[in-house]
Amino acid sequence: MILSRRAALAILLAGTAACSSTPPKVYTLTTVPGTAVGGRPMTASVALVDIPKYLDRPQIVRRSGANELGVDEFERWGEPLANMVQRVLADDLTARLPAGSVVTTSRTLSGDEAQTVELAVGRFDPDSDGTVVLQAQWRVRRNAGGRAKTETARITRRPADDSITAEVRAMSDALGELADRIAQGMR
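Thresholds, definitions, all that
Residues numbered from 1 in each chain as written. Predicted model: local features only at pLDDT ≥ 70, side-chain atom pairs only at ≥ 80, totals over all residues. Heavy atoms only, no water. Pairing = 2+ DSSP bridges. Helix = DSSP H or I, 4+ residues; strand = E, 2+ residues; numbered from the N terminus. Axes fitted to C-alpha atoms, helices over the stretch in contact; angles between N-to-C directions. Contact = heavy atoms within 4.5 Å. Core = buried A, V, L, I, M, F, W, Y, C linked by side-chain atoms within 4.5 Å. Buried < 20%, exposed > 50% of the residue type's maximum accessible area, 1.4 Å probe, protein only.

The subject of this paragraph is the sheet that holds strand 5 (residues 102-105). Taken in spatial order, the 5 strands of this open sheet run 5-2-6-7-8, and their pairing is mixed. Edge positions in the sheet fall to strand 5 and strand 8 (151-157), since each of these pairs with one other strand and no more. Each strand of the sheet is rotated relative to its neighbour by a mean of 25°, with strand direction disregarded. Taken strand by strand, helix 2 (residues 81-96) contacts strand 2 (43-46), strand 5 and strand 6 (115-126), and its axis lies near 180° from that of strand 5. The strands touched by helix 3 (residues 164-185) are strand 6, strand 7 (132-142) and strand 8; relative to strand 7, the strand with the most contacts, the crossing angle is about 30°.

Spelled out as structure tokens, the structure:
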């Protein structure tokens, strides 16, 4: 009888602990407004985005020192970061290219795209002081031929406050600035 009471108490305590756990908060990058470049409408695709392995996880990563990364189990991305960057960059480019332009991700290629954007992210996380750093290389391949020039950028954004929401917004703003630079080269 004592064993049964202990087992019941253990089950009750485990159930109570499970009910009181913190639910994760889930975040996503968003498209930010930009200034459209002039010219004729074009079609383009954003190829798969390459990100560092330390960012390839569901949790949002922050630097807590020069050689230390911080990960909070309860602050997560709503989808894999590489997929999210690809999708949001395609939307950001659509907002910046001439009216009537169509930008897709490589998963929705029609085969008629005139240009393909290839992006390799070297870093996309906040420093220990909270400043978001986006380091990236990209090239725009014209599907009709020609040489693609590799471009690089290091973009920093300071969040409005210390919240994770402001940090994710700063990341969206940095990706929007990257889209501004890429769109200029696509004319």
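Further remarks concern the nonpolar core. Ranked by internal contacts, the top residues of the largest apolar core, which has 44 residues, are Leu29, Leu93, Phe124 and Leu178. Listed by contribution, the elements that provide at least two residues to this core are strand 2, strand 3 (59-63), helix 2, strand 6, strand 7, strand 8 and helix 3. Sequence-distant contacts of Leu93, that is, excluding residues within four places in its chain, are made with Val46, Val103, Val117, Ala179, Ile182, Ala183 and Met186.

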